[in-house]
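Residues per chain, in single letters:
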Amino acid sequence: MADANITANGSGALTVVSATMTAAGTGLTVQHNALVSGVLTTTGNHVANGGMNIGTIRDNTTGAPQATLVTAGITINNPLNAVLKAIGGGHTLTDWNAGFVGITTGGTTITHGLKNASGVATAATAIVATCASSGLAGVITINSQNTTQFVAATSVNCNIFWIAILL
């Protein structure tokens, strides 16, 4: 019996207007680098035992790009206005910034550039700094901070690596 919604081009290519997989087990098997074009909409989880090639993660309502997967990791598109949550939801990382700068015994003002999930400049939850030279035994102190900057001072002038985080 023929179905007007299923056509073939004589070369083995099959076009299906709509397909619903309802049985338990393997609902759809795609082999030999088959191409699915257009928009593939699924509900539930994707299980990709052989991996998936995905370049962009999009918002499920607007279709706007939210993240791009690149060789070096994941680039989060702005303004995502979200936080990064650890598995289990016990910790969140809203923003972070890091830098390398020379500081003096009198103190050096450093702009951290942290913003909360709404994009508003916000003071850091924590700032950690260390002298870049292992030969220096300088003590680094964070004397003050505000929503855009902090002041770092040291007992011996040195270059420091710093990281500011907003949880």
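Residues numbered from 1 in each chain as written. Predicted model: local features only at pLDDT ≥ 70, side-chain atom pairs only at ≥ 80, totals over all residues. Heavy atoms only, no water.

**Student:** Kindly report on the sheet that holds strand β10 (residues 126-131), identifying the contributing residues and their values.
**Tutor:** Pairing is antiparallel across the open sheet formed by three strands, whose spatial order is β8-β13-β10. Since the sheet does not close on itself, it has two edges, and those belong to β8 (95-103) and β10, each with one partner. Taken over all neighbouring pairs, the strand axes of this sheet differ in orientation by 15 degrees on average, direction set aside. Where β10 lies against strand β13 (residues 158-166), six bridges are found, and the strand directions are antiparallel. When the bridges of β13 are listed, V128 appears paired with I163. (Pairing = 2+ DSSP bridges. Helix = DSSP H or I, 4+ residues; strand = E, 2+ residues; numbered from the N terminus. Axes fitted to C-alpha atoms, helices over the stretch in contact; angles between N-to-C directions.)

**Student:** Could you give an account of the confidence of the model for the chain, with specific residues and numbers?
**Tutor:** Chain-level pLDDT for the chain is 74 on average; 47% of the residues reach the 70-or-more range. Mean pLDDT values for the elements of the chain range from 57 in strand β6 (residues 84-85) up to 93 in strand β9 (residues 108-111). (pLDDT = per-residue confidence, 0-100.)

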